[in-house]
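Below, each chain spelled out in residue letters.
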Amino acid sequence: SAMKLSFWEDETYTATQSQKPVAELLVSTHSDVHPVLPLLVASFWGGLFGYDEMGLRSLSILLSGLNLLLTFLLARDLFDASTAILAAAILSISPLFIMFGHQARYYTMMMFGTLVLVLLLRYYLRTQRTIYLVLYAISAGLITYISYTACSVIIAANLWWLFSWIQT
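Summarised in this report is the structure supplied together with it. (Residues numbered from 1 in each chain as written. Predicted model: local features only at pLDDT ≥ 70, side-chain atom pairs only at ≥ 80, totals over all residues. Heavy atoms only, no water.)

**So, the pattern of salt bridges**
Then step 1. Within the structure shown, the criterion is met by three salt bridges.
Then step 2. With its nearest N and O atoms 2.7 Å apart, the salt bridge here joins Arg122 to Asp77. Here Asp77 lies in helix α4 (residues 53-78) and Arg122 lies in helix α7 (residues 107-127), a separation of 45 residues in the sequence.
Then step 3. Using a relative accessible area of 18% as the deciding quantity, one classes Asp77 as buried. (Salt bridge = Lys/Arg side-chain N within 4 Å of Asp/Glu carboxyl O. Helix = DSSP H or I, 4+ residues; strand = E, 2+ residues; numbered from the N terminus. Buried < 20%, exposed > 50% of the residue type's maximum accessible area, 1.4 Å probe, protein only.)

**A look at the packing of aromatic side chains**
Then step 1. Applying the stated criterion across every chain yields a total of five aromatic pairs.
Then step 2. With 5.5 Å between their ring centres and 80° between their planes, Phe100 and Tyr107 make a pair best called edge-to-face.
Then step 3. One aromatic cluster is present, built from ring pairs that chain together Phe100, Tyr106 and Tyr107. (Phe/Tyr/Trp six-rings, centres within 6.5 Å; stacked < 30°, edge-to-face > 60°.)

**What to know about the nonpolar core**
Then step 1. Grouped together as the largest cluster of nonpolar side chains are 20 residues, with contacts concentrated most on Leu117, Tyr136 and Ile143.
Then step 2. The element that contributes the greatest number of residues to this core is α7, accounting for eight residues.
Then step 3. Ignoring sequence-local partners within four residues, the contact set of Ile143 consists of Met110, Gly113, Thr114, Leu117, Ala150, Val153 and Ile154.
Then step 4. Formed by five residues, the second largest nonpolar core is a distinct cluster that contains Phe7, Ala15, Ala42 and Leu56. (Core = buried A, V, L, I, M, F, W, Y, C linked by side-chain atoms within 4.5 Å. Contact = heavy atoms within 4.5 Å.)

**Here's the deal with a nonpolar patch on the surface**
Then step 1. A surface patch of nonpolar side chains, about 720 Å² in accessible area, is lined by Ile155, Leu159, Trp161, Leu162, Phe163, Trp165 and Ile166.
Then step 2. Following the sequence through the fold, Ile155 ends up in helix α9 (residues 150-167). (Patch = residues over 30% accessible without salt bridge, like charges linked within 9 Å, V, L, I, M, F, W, Y side chains within 5 Å. Areas by Shrake-Rupley, 256 points an atom, 1.4 Å probe, with all protein chains shown as cover.)

**Looking at the side chain of Thr29**
Then step 1. Counting through the fold element by element, Thr29 comes out in the loop between α2 (22-28) and α3 (37-49).
Then step 2. Of the polar contacts made by the side chain of Thr29, one reaches the backbone oxygen of Leu25; its length is 2.8 Å.
Then step 3. Those residues in contact with Thr29 that lie beyond four places of it in its chain are Tyr13, Gln17, Val36 and Leu39. (Polar contact = N/O pair within 3.5 Å; in protein donor to acceptor, adjacent residues only side chain to side chain.)

**Digging into the layout of surface pockets**
Then step 1. By volume, the largest pocket is sized at about 310 Å³.
Then step 2. As for the largest pocket, its lining consists of 18 residues, and the residues nearest its centre are Thr14, Pro38, Leu39, Arg105 and Tyr106.
Then step 3. Among the secondary structure elements, those contributing two or more residues to the lining of the largest pocket are α1 (10-18), α3, α4 and α7.
Then step 4. For the lining of the largest pocket, the element with the highest residue contribution is α4, accounting for four residues.
Then step 5. Looking at the lining of the largest pocket residue by residue, the classes come out as eleven nonpolar, four polar and three charged.
Then step 6. The computed volume of the second largest pocket comes to approximately 220 Å³.
Then step 7. As for the second largest pocket, its lining consists of Leu37, Val41, Leu59, Leu63, Met109, Phe112, Gly113, Val116, Ser139, Leu142, Ile143 and Ile146. (1 Å grid on protein atoms, 1.4 Å probe; cavity = no way out; pocket = protein on both sides within 12 Å on 5 of 7 lines; lining within 4 Å. Points joined across faces, edges and corners; volume = space filled by probe spheres on them. Nonpolar A, V, L, I, M, F, W, Y, C, P; charged D, E, K, R; others polar.)

Structure follows, in structure tokens:
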């Protein structure tokens with residue numbers, strides 16, 4: 001359906017803004033209520049693959065596939081392989097995932113960043129390796145520039161860390 005349906009709603013904004021030169025994009029989105037990182041990524045991606053429906057949506061399609069993989073990896077790490085397969089299968093048939101997973105919006109990018117953040121925290125809690133903590137902090141900063149609602153994800157992740165720390 002990525003090629004069958006024209007851009008709609010916010011996708012037209014993404015397509016229009018991402019075609020601007022970066023300096024102009026930064027100025028034109030200065031008063032926008034959304035962070036600019038998704039538009040900068042779309043601008044770069046569109047420059048490589050085109051600013052049409054398939055060109056811009058291909059990033060979300062790629063990220064959707066990676067989101068299924070990351071969901072599998074997280075569930076496998078937390079539970080087992082059977083649960084991981086079930087988790088990825090449930091995500092793959094989720095109506096919201098199907099409806100928005102291919103759109104040229106920030107949703108799949110935010111999901112990807114969130115899954116990366118949670119996996120990095122999980123790996124840090126399990127191994128206590130500083131590299132995972134550093135990458136966790138970087139990913140927290142990046143998802144904040146994808147969507148300001150990322151703050152709730154970061155708070156939840158830090159509460160998870162706090163409860164894990166109290167238990168030890």
